[in-house]
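So the chains spell out like this:
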Amino acid sequence: MLKTNLSILAVVIGCLGVFTWVANAIPQLQSDVPEDLVLSDDVTPEELIAAGEELYNGGGGCTACHGLGERAPNLLTDHAGTGLIGERCANRVPGEDCKQYLHTSMVDPNAYLVEGFAPIMLDASRTLSSVQIWALVAYLQSLGGEVTVTGADFADDGGAAPAGGVVASAAPVLGPTGPLDPEELLTRYTCATCHAISGPSPLGPSYEGMGSRLTADEIRTSILDPTASAAENFEAMLGIMPPIFGNIPAAELEAIVQFIASQR
């Protein structure tokens with residue numbers, strides 16, 4: 001009996017050792033996830049502008065599209081003779097002031113699509129907290145206009161995101177033991193906006209056949225560090241994918257990776 005128990009124990013320890021080795025073998029990359037902002041209700045315009053500027057030029061990934069004027073309007077310079085964004089924002093939609101226009105453009109980006117540009121922007125509330133979004137609004141208002149954002153705006157929205165996290169989409173979060181539908185995850189995290197599951201893809205390479213070209217490790221790395229390299233014929237799009245997806249749950253990330261790797 002003792003011999004049998006020792007044999008079982010040895011098998012269990014061996015299995016644990018193998019699984020631990022596999023887990024440690026998966027590359028862990030640091031992605032540039034925007035740090036959460038915690039600002040008081042009496043925050044000053046200067047504090048909001050500083051926080052928004054840092055986010056715009058850093059972890060928010062805004063400059064990937066809004067810094068060139070090719071994929072989306074350049075928000076840092078004049079656009080088509082209409083002035084800086086802080087000047088032109090109040091004239092975009094009749095009856096809507098600059099603050100509300102900018103906020104709506106971030107959380108419902110297809111509502112006010114600027115003529116000549118494709119609907120490629122994602123809902124900012126999927127990756128940014130209410131405070132972060134309002135800080136960006138304040139920064140953009142400051143570019144040629146008057147900052148009217150106050151602490152009351154994000155307090156009305158529920159305040160900052162939980163410490164260490166980002167605001168999730170409205171879709172339900174799957175539990176650790178729940179089913180992981182990779183195609184549902186691709187939709188929830190808006191991957192399918194740029195990458196078609198099959199057929200041609202306008203902004204990023206299609207997932208069709210990707211598993212025959214890339215290993216699972218290469219796919220995982222490209223998700224966690226999307227600026228490292230570009231797929232053939234998509235070099236011009238390098239930088240458009242934000243480096244925020246290292247923040248999604250590991251099980252969901254792995255479900256996406258394995259699904260893409262299976263596309264042959």
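In short, a report on the structure.

Scoring rules and cut-offs
Residues numbered from 1 in each chain as written. Predicted model: local features only at pLDDT ≥ 70, side-chain atom pairs only at ≥ 80, totals over all residues. Heavy atoms only, no water. Helix = DSSP H or I, 4+ residues; strand = E, 2+ residues; numbered from the N terminus. Buried < 20%, exposed > 50% of the residue type's maximum accessible area, 1.4 Å probe, protein only. Contact = heavy atoms within 4.5 Å. Areas by Shrake-Rupley, 256 points an atom, 1.4 Å probe, with all protein chains shown as cover. Axes fitted to C-alpha atoms, helices over the stretch in contact; angles between N-to-C directions. Parallel < 35°, antiparallel > 145°, perpendicular 65-115°, else oblique. Left-handed = near helix turned anticlockwise from the far one by under 90°. Nonpolar A, V, L, I, M, F, W, Y, C, P; charged D, E, K, R; others polar. Phe/Tyr/Trp six-rings, centres within 6.5 Å; stacked < 30°, edge-to-face > 60°. Salt bridge = Lys/Arg side-chain N within 4 Å of Asp/Glu carboxyl O. Disulfide = S-S within 2.5 Å. Core = buried A, V, L, I, M, F, W, Y, C linked by side-chain atoms within 4.5 Å.

**A closer look at the overall build of the protein**
Here's step 1: If you tally the helices and strands in the protein, you get 10 helices and 0 strands.
Here's step 2: In the protein, the order of α-helices and β-strands from amino to carboxyl end is α-α-α-α-α-α-α-α-α-α.
Here's step 3: The buried share of the protein, taken over its 264 residues, is 38%.
Here's step 4: The contacts in the protein between residues at least 6 apart in sequence include a share of 62% that link residues at least 24 apart.
Here's step 5: Summing over all exposed atoms, the protein offers an accessible surface of approximately 14500 Å²; the carbon and sulfur share of this is 59%.

**What about the packing of helix 9 (residues 216-224) against helix 10 (residues 250-261)?**
Here's step 1: Remark: helix 9 packs on helix 10, axes separated minimally by 9 Å, with the N-to-C direction vectors making an angle of 125°. Considered as vectors, helix 9 and helix 10 are oriented oblique to each other. For the pair helix 9 and helix 10, the crossing hand works out as right-handed. Two secondary-structure elements touch here, helix 9 through Ala216, Ile219, Arg220, Ile223 and Leu224 and helix 10 through Leu253, Glu254, Ile256, Val257, Gln258, Ile260 and Ala261.
Here's step 2: The class makeup of the residues in the contact of helix 9 with helix 10 is 9 nonpolar, 1 polar and 2 charged.

**Re unusual backbone geometry**
Here's step 1: Non-glycine residue Ala80 carries a positive phi angle of around 55°.
Here's step 2: Even without a glycine there, the phi angle at Asn233 is positive, about 75°.
Here's step 3: Topologically, Asn233 is positioned in the loop between helix 9 and helix 10.

**Remarks on the packing of aromatic side chains**
Here's step 1: All chains considered together, the criterion is met by 2 aromatic pairs.
Here's step 2: Taking 5.6 Å as the distance between ring centres and 55° as the angle between the ring planes, the aromatic pair formed by Tyr56 and Tyr139 counts as tilted. Remark: Tyr139 occurs in helix 6 (residues 130-142) and Tyr56 occurs in helix 2 (residues 45-57); sequence separation between them is 83 residues. Like Tyr139, Tyr56 is buried.
Here's step 3: Between the aromatic rings of Tyr101 and Tyr112, the centroid separation amounts to 5.4 Å while the plane-to-plane angle is 25°, which identifies the pairing as stacked. Here the residue Tyr101 occupies a position in helix 5 (residues 98-107), and Tyr112 occupies one in the loop between helix 5 and helix 6, the gap between them amounting to 11 residues.

**Description of the pattern of salt bridges**
Here's step 1: A complete count under the given rule lists 3 salt bridges for this structure.
Here's step 2: Where Lys99 meets Asp153, a salt bridge forms, and the shortest distance between an N and an O atom there is 3.2 Å. Within this pair, whereas Lys99 is found in helix 5, its partner Asp153 is found in helix 7 (residues 151-156), the two being separated by 54 residues in sequence. The residues Lys99 and Asp153 share a single accessibility class, namely buried.
Here's step 3: Of the charged contacts in the structure, one is a salt bridge between Arg220 and Asp217, with a shortest N-O distance of 2.6 Å. Remark: Asp217 and Arg220 occur in helix 9; sequence separation between them is 3 residues, near one turn of the helix.
Here's step 4: Residue class for Arg220 comes out buried when judged on its relative accessible area of 4%.
Here's step 5: By relative accessible area, which is 43% here, Asp217 ends up partly exposed.

**Some details on the packing of helix 2 against helix 6**
Here's step 1: For the pair helix 2 and helix 6, interaxial distance at closest approach is 7 Å and the crossing angle is 100°. Between helix 2 and helix 6, the interaxial angle falls into the category roughly perpendicular. Contact with helix 2, carried on its side by Leu48, Ile49, Ala51, Gly52, Glu53, Leu55, Tyr56 and Asn57, involves Gln132, Ala135, Leu136, Ala138, Tyr139, Leu140 and Ser142 of helix 6 and no other residues of that element.
Here's step 2: The residue inventory of the contact of helix 2 with helix 6, partitioned by class, reads 10 nonpolar, 4 polar and 1 charged.

**Regarding the state of the cysteines**
Here's step 1: Within the structure shown, the criterion is met by 1 disulfide.
Here's step 2: In this model, Cys89 is linked to Cys98 through a disulfide, with the two sulfur atoms separated by 1.9 Å. Handedness here is read from the sign of the S-S torsion; for Cys89 and Cys98, about -95°, the answer is left-handed.
Here's step 3: On the accessibility criterion, Cys98 (10% relative accessible area) is buried.

**Topic: the nonpolar core**
Here's step 1: Grouped together as the largest cluster of nonpolar side chains are 29 residues, with contacts concentrated most on Leu48, Tyr56, Ile85, Leu102, Met106, Leu136 and Leu140.
Here's step 2: Within the residue set of this core, elements represented by two or more residues are helix 2, helix 5 and helix 6.
Here's step 3: No other element matches helix 6, which puts 9 residues into this core.
Here's step 4: Those residues within four positions of Leu102 in sequence are excluded, and the remaining contacts are Ile85, Cys89, Val137, Leu140 and Gln141.
Here's step 5: Core analysis: the second largest hydrophobic core is formed by 18 residues, Tyr207, Phe245, Ile260 and Ala261 among them.

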